[in-house]
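# Structure assessment
What follows is each chain in one-letter form.
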Amino acid sequence: MNLLLIRPGDLNADREFTVTGPRAEHIRTVLRAKNGETVRTGFVNGCSGTAEVLSVEKEKVVLRAREFNIPPPEPLPLSLIVALPRPQSLKKVLHFAVSSGIRDIVFLHSVRVEKSYWNSSVLEPDALNAEILEGLEQGVDTVWPTIRFYRHFREFLEESAERYPGDALKIVAHPGRSAADFQRNGRHVVLAIGPEGGFVKTEVEALADAGFEPMGFGAHILRVEFAAAFIAGVLMGGQ
């Protein structure tokens, strides 16, 4: 936890607030914060600064917020679309994306996606919010990302034309043009990554019709969470 995120409503009239549970234990046992020391803190969707530690107990820390005047970092100019992976992979993809500053994330259904994945407890709002919060605190960001889910592939395609800017570079990770000479030239990138086994032919064709260019990123086959991080790094490096 590199940033402690709170909401304005957490503060009392004296700008004091209490943190409990695992985050309090992190402050106590990992940061080893003592009374009078400060912890980097910020408001969700707002600025960040520091908070002074007033008291430390097991699973309970009381702090006083100082001035929060550091704006959030700029978002990564990347929208990430991923065929819904298995629950543990979904958590890793989400953590990577949020901590990296990706603020537009989509999970969608695909032919090779197991329908049971849509019933996972990971998709419950409380579970998703916990993962998002952890990702933001890891990445020292305060801006809550937009996350959308599409149970129907066609629904995503219908909305994508209006969702993304006209000059965005739309790419689907699939054997095609090599990414070796890719140049972003400052434009926003929309990246679609399929499930394990990849998108089926008809899905790749439908994405191509929607403006997504198939692009290859090497011969190695990676797990979804590693593919997302690796490909995002390649694309963002092509300035």
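Above this note sits the structure.
Scope of this entry: the structure provided in the associated data block. (Residues numbered from 1 in each chain as written. Predicted model: local features only at pLDDT ≥ 70, side-chain atom pairs only at ≥ 80, totals over all residues. Heavy atoms only, no water.)

By size, the foremost hydrophobic cluster in this structure holds 58 residues, and its most contacted members are Leu80, Ile81, Phe107, Phe156 and Leu235. In terms of residue count, the dominant contributor to this core is helix α6 (residues 224–237) (seven residues). Ignoring sequence-local partners within four residues, the contact set of Phe156 consists of Ile81, Val106, Leu108, Tyr150, Tyr164, Leu207 and Phe212. Membership of the second largest hydrophobic core comes to 17 residues, among which are Phe17, Ala33, Leu63 and Ala65. (Core = buried A, V, L, I, M, F, W, Y, C linked by side-chain atoms within 4.5 Å. Buried < 20%, exposed > 50% of the residue type's maximum accessible area, 1.4 Å probe, protein only. Helix = DSSP H or I, 4+ residues; strand = E, 2+ residues; numbered from the N terminus. Contact = heavy atoms within 4.5 Å.)

Bringing the environment of Asp181 into the picture now. With respect to the helices and strands, Asp181 occurs in the loop between β9 (169–178) and β10 (189–193). Judged by relative accessible area, Asp181 falls into the exposed class, the value being 52%. For Asp181 and Glu225, which are 44 residues apart along the polypeptide, the C-alpha to C-alpha distance reads 24 Å.

Right, let's get into a nonpolar patch on the surface. Nonpolar side chains collect at one region of the surface, where Leu222, Phe226 and Phe230 lie side by side and expose about 300 Å² of accessible area between them. By secondary structure assignment, the location of Leu222 is in the loop between β11 (213–216) and α6. (Patch = residues over 30% accessible without salt bridge, like charges linked within 9 Å, V, L, I, M, F, W, Y side chains within 5 Å. Areas by Shrake-Rupley, 256 points an atom, 1.4 Å probe, with all protein chains shown as cover. Salt bridge = Lys/Arg side-chain N within 4 Å of Asp/Glu carboxyl O.)

Across all of its chains, the model carries ten salt bridges by this definition. Linking Glu16 and Arg64 is a salt bridge whose minimum nitrogen-to-oxygen distance equals 3.2 Å. Of the two residues, Glu16 sits in strand β2 (residues 16–20) while Arg64 sits in strand β5 (residues 60–70), which places them 48 residues apart along the sequence. Classification of Arg64 as partly exposed rests on a relative accessible area of 31%. Through salt bridges with shared partners, a single ionic network connects Glu16, Glu52 and Arg64.

Spatially, the five strands line up as an open sheet ordered β1-β3-β4-β5-β2, and their pairing is mixed. Edge strands, defined here as strands with exactly one partner in the open sheet, are β1 (4–6) and β2. Sheet twist, expressed as the mean angle between neighbouring strand axes with direction ignored, is 40°. Sheet analysis places strand β3 (residues 38–43) next to strand β4 (residues 48–57), joined by five bridges and oriented antiparallel. Paired with Thr38 across the two strands is Glu52, which belongs to β4. On top of the sheet, helix α1 (residues 21–30) reaches β1, β2, β3, β4 and β5; it is set at about 100° to β2, its chief contact. (Pairing = 2+ DSSP bridges. Axes fitted to C-alpha atoms, helices over the stretch in contact; angles between N-to-C directions.)

This brings us to the packing of helix α2 (residues 87–99) against α6. One way to put it is that α2 packs onto α6 with a least axis distance of 8 Å and a crossing angle of 20°. In terms of axis orientation, α2 runs roughly parallel to α6. Viewed along their axes, α2 and α6 form a crossing whose handedness is right-handed. Contacts between α2 and α6 involve Ser89, Lys92, Val93 and Phe96 from the former and Val224, Glu225, Ala228, Ala229 and Ala232 from the latter. Per-class residue counts for the contact of α2 with α6 are six nonpolar, one polar and two charged. (Parallel < 35°, antiparallel > 145°, perpendicular 65-115°, else oblique. Left-handed = near helix turned anticlockwise from the far one by under 90°. Nonpolar A, V, L, I, M, F, W, Y, C, P; charged D, E, K, R; others polar.)

Counting across every chain of the model gives six aromatic pairs. With centroids separated by 6.4 Å and ring planes inclined at 75°, the aromatic side chains of Trp118 and Phe149 adopt a geometry described as edge-to-face. One end of the pair, Trp118, is in the loop between β7 (104–108) and α3 (125–139); the other, Phe149, is in strand β8 (residues 146–150), with 31 residues separating them in the sequence. According to the relative accessible area criterion, Phe149 is partly exposed, its value standing at 30%. Aromatic rings pair up to connect Phe107, Trp118 and Phe149 into one cluster. (Phe/Tyr/Trp six-rings, centres within 6.5 Å; stacked < 30°, edge-to-face > 60°.)

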